[in-house]
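Chain and residue survey
Read off the chains here:
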Amino acid sequence: MKIYVCVKQVPDTSGVVAVNPDGTMNRAKMPAIINPDDLNAMEAALQLKEKECATVVAVSMGPPQAGEMMRELLAMGADEAVLISGREFGGSDTFATSQIIAGAIHHLGIKEEDLILCGRQAIDGDTAQVGPQIAEKLHLPQVTYATEIIKEGNTYTVKRALEDGYMSIQVKSPCLITCIKELNEPRYMTVEGVFSADEKPLTVLDYEALKDEPLIETETIGLNGSPTNIFKSFNPPVKGKGEMFVGSDKEMAMQLAEKLAEKHVI
Amino acid sequence: MAEYKSSAIEEFSNIWVFCEQRDGKLMNTDFELISEARKLADQRGSKLVALLLGGEGIGDLAKELGGYGADQVIVCEDPALAVYTNEAYSKVVCDMVMKYKPEVLLIGASNIGRDLGPRCAARLHTGLTADCTHLDIDMNTYVDFLDKNSNVDVKNTEFKMEDVNMKMTRPAFGGHLMATIICPRFRPCMATVRPGVLKKEEYDQTKAEACEITIVKPNIDTAALHEKVLEIVKEAKEVVDLIGADVVVSIGNGAAKDIETAKKLALELADALGGGVVGSSRALVDAGLMDADRQVGQTGKTVHPKVYVALGISGAIQHQAGMQNSELIIAVNKNENEPIFEIADYGLVGDLFKVVPEMINAINSMK
């Protein structure tokens, strides 16, 4: 059995965000991390592998620098890593990205007992679209927002989180499941893992390798081919600064309370 | 039927809203989306159509959608649609879109909408913009929106006034920037829209009566379905009604060192302000200190309470996206340079663990 884990390297948006003069995010100046939900997908794959014989293949699309992240995933326990990288792929929206990744997985081969795991969404876009769209391109059933995955033979019983509870869904492999952080606690790399990572295969698939793949429509990939385009990006206007109270904690609190009383809030 | 081509954009017309139901009940998001889509349909001079899928008898709910502004409701009734499954729902939604060719398709960005939308967009060969917070079709309306809500100097910017692509605005890059997205070459133009962002209009019984109901028998081969729903469980956990609360007191990173005390203080402050709900920044949820259903922000919930208090929250755009439309914003933070003070009506610089008890005392003393 092969388990493909789709992973994205993202800028760490939880800390300080570097901004270019034109208002776009300066990714080069921000630390790159493995997308958090994707680590839960990787952990789920490694747990399944512990129970039965499986090959875990980490798949990512990104610039050559993402190779470092792939080494980390190998150190975590992935058996193989595949980096899809090419200038032609840059600037792809979710529609374009998913057909490239689906094409790459199709190229690598997907059999009846195989599984694809993804994180629910990446923190730089928050769209949660690429997972379902890969499933559609490969004609596989999907389950998103997984909080529990139980495998019996080729049948997966998955708990899928809803806003007010969950639904329990059964699907057969091959299928695609997207994972959220409630699913598990991702493991760290081990020292042995780091040493063995260098001996594991890291393959790069570029445009040449994938351009004849039937699932990839070369006219709808990349920045210009993507169906959606950025029309305008902007910052919200700076609202006039409100009133800052001064004084001791008690004095500030009293000034606030007076204002609130004045405005009939209290 | 002639071949379906998403690039034949001139063949597509009308504004559609996919209306989600759970347990045979419509969702509040349906009414928000219909209300907003009404404006889009008026801007475009086209018809507003609601698409409703469900089990037998679901058509009884259709008129209510008319009351919020739908001209027509297309009802697909089938036992296989009583409970949401990705397979059956995406099949029926795509079949309907291919048959009627809407220009725009809006879906609520719930856990179900975010499962359905991308699947359909990929099959229909079109773009999808996730989690939109604002939509325009008419360029004048969009320019007006930019003028009020952005730093763009609209007077010195050229716009093609005849552009009729739907302009879909959402926070981007982890919520540090806003972006307007278009899908110019394919139809329908699809967007998921965040619950709680758009305003629901008044219900109008006359409109409900006038609404045209079209029943369509969906074509589902149940034997070919792979996905089986074993059970649906409602969790008896405390329901956090952030969206409906009049007072929201949220805590952020500054609360991490003593989360239990901070939660207690936040709740007491909310009580002093008339009673409300405790919210959270993304950082505390990511750190596992607060439940995800309390998160305010781009990836959490959007709130517009009468009073919003931010305790120990820096206030990145990601957070602002979820609370900036609150009527009154009060911020407490140790660092006077945090962006939260840029949007707060009242700011108190200090340690929340010391300032909040004083706030509670002061407010109670005024009563």
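Residues numbered from 1 in each chain as written. Chains lettered and ligands numbered in written order. Predicted model: local features only at pLDDT ≥ 70, side-chain atom pairs only at ≥ 80, totals over all residues. Heavy atoms only, no water.

Among the six residues of strand β10 (residues 177-182) of chain B, six are classified as buried, and the element is accordingly described as predominantly covered. Residue alternation in β10(B) divides its side chains into two sets, Leu177(B), Ala179(B) and Ile181(B) and Met178(B), Thr180(B) and Ile182(B), and both sets are buried. When strand β12 (residues 229-234) of chain A meets β10(B), the two strands line up antiparallel, connected through five bridges. Among the inter-strand pairings, Phe234(A) is bridged to a residue of β10(B), identified as Met178(B). Of the pairings in the sheet, the one linking strand β9 (residues 167-172) of chain B to β10(B) comprises five bridges and is antiparallel in character. (Buried < 20%, exposed > 50% of the residue type's maximum accessible area, 1.4 Å probe, protein only. Helix = DSSP H or I, 4+ residues; strand = E, 2+ residues; numbered from the N terminus. Pairing = 2+ DSSP bridges.)

Below, the discussion takes up the interface of chain A and chain B. In this complex, chain A contributes 80 residues to the contact, which on the side of chain B involves 88 residues. For the pair chain A and chain B, the two sides together bury roughly 7400 Å², of which 59% comes from carbon and sulfur. Looking at the side of chain A facing chain B, the largest losses of area belong to Glu136(A), Phe231(A) and Phe234(A), adding up to 11% of the total buried there. Where chain A touches chain B, the interface holds seven salt bridges. Across the pair Asp164(A) and Arg22(B) runs a salt bridge, and its minimum N-O distance is 3.9 Å. Between the two partners, chain A and chain B, sit 35 residue pairs in polar contact (both at pLDDT 80 or more). Secondary-structure elements contributing two or more residues to the side of chain A that touches chain B are α4 (130-137), β7 (142-152), β8 (155-162), β9 (165-172), α7 (222-225), β12, β13 (243-244) and α8 (249-262) of chain A. A total of 11 residues in the side of chain A that touches chain B trace back to one element, the largest contributor, which is α8(A). Alignment of β9(A) against strand β13 (residues 228-234) of chain B, held across six bridges, turns out to be antiparallel. Within β13(B), the position partnered with Gly165(A) by the bridge is Lys234(B). (Contact = heavy atoms within 4.5 Å. Buried area = accessible area lost by both parts, 1.4 Å probe. Salt bridge = Lys/Arg side-chain N within 4 Å of Asp/Glu carboxyl O. Polar contact = N/O pair within 3.5 Å; in protein donor to acceptor, adjacent residues only side chain to side chain.)

Residues and elements named next belong to chain B. For the pair helix α7 (residues 259-272) and helix α11 (residues 352-366), interaxial distance at closest approach is 10 Å and the crossing angle is 20 degrees. By the angle class used here, α7 and α11 are roughly parallel. For the pair α7 and α11, the crossing hand works out as left-handed. Only Leu352, Phe353, Val356, Pro357, Met359, Ile360, Ile363 and Asn364 of α11 make contact with α7, whose side of the interface consists of Thr261, Ala262, Leu265, Glu268, Leu269 and Ala272. (Axes fitted to C-alpha atoms, helices over the stretch in contact; angles between N-to-C directions. Parallel < 35°, antiparallel > 145°, perpendicular 65-115°, else oblique. Left-handed = near helix turned anticlockwise from the far one by under 90°.)

What follows deals with the packing of aromatic side chains. Overall, the coordinates contain 11 aromatic pairs over all chains when judged by the stated rule. Ring plane angle 35 degrees and centroid distance 6.2 Å describe the contact between Tyr142(B) and Phe145(B), whose orientation is recorded as tilted. Of this pair, Tyr142(B) and Phe145(B) both sit in helix α5 (residues 139-149), three residues apart, roughly one helical turn. Each member of the pair, Tyr142(B) together with Phe145(B), is buried. The ring of Tyr166(A) carries the charged tip of Lys159(A) above its face, separated from the ring centre by 4.5 Å. (Phe/Tyr/Trp six-rings, centres within 6.5 Å; stacked < 30°, edge-to-face > 60°. Lys NZ or Arg CZ within 6 Å of the ring centre and 35° of its normal.)

A full pass over the atoms with the stated rule returns 36 salt bridges over all chains. For the salt bridge of Lys49(A) with Asp79(A), the shortest nitrogen-to-oxygen distance reads 2.7 Å. Of this pair, Lys49(A) sits in helix α1 (residues 36-51) while Asp79(A) is found in the loop between α2 (67-76) and β5 (80-84), placing the two residues 30 residues apart along the sequence. Given the relative accessible area of 22%, Asp79(A) is considered partly exposed. Sharing partners across several salt bridges, the network here consists of Glu163(A), Asp164(A), Glu20(B), Arg22(B), Asp23(B) and Lys234(B).

What follows is about the environment of Ala102(A). Residue and element names in this part refer to chain A. Positionally, Ala102 belongs in helix α3 (residues 94-108). A relative accessible area of 0% places Ala102 in the buried class. Taking the C-alpha atoms as reference, Ala102 lies 8.5 Å from Gln133; in sequence the two are 31 residues apart. With sequence-adjacent residues up to four places away left out, Ala102 is seen in contact with Ile134, Lys137, Leu138 and Leu215.

Residues and elements named next belong to chain B. Looking at the assigned domains, one finds that chain B contains domain 1 (9-224) and domain 2 (247-366). The C-alpha-based centres of domain 1 and domain 2 are spaced at 33 Å. Counting residues at the interface gives 11 residues for domain 1, matched by 11 residues for domain 2. For the pair domain 1 and domain 2, the summed buried area comes to about 840 Å², and 45% of that belongs to carbon and sulfur atoms. Linking domain 1 to domain 2 there are four residue pairs in polar contact (both at pLDDT 80 or more). (Domains from an automatic or database assignment.)

An order of β13(A)-β18(B)-β17(B)-β16(B)-β14(B)-β15(B) is seen for the six strands of this open sheet, with the pairing classed as parallel. Either end of the sheet is taken by a strand with one partner, and the two such strands are β13 of chain A together with β15 (277-280) of chain B. Across four bridges, the pairing between strand β17 (residues 328-333) of chain B and strand β18 (residues 346-349) of chain B is parallel. Residue pairing across strands places Ile330(B) opposite Tyr346(B), the latter belonging to β18(B). Together, β16 (307-311), β17 and β18 of chain B form the strand contacts of α11(B), whose direction differs from that of β17(B) by roughly 135 degrees.

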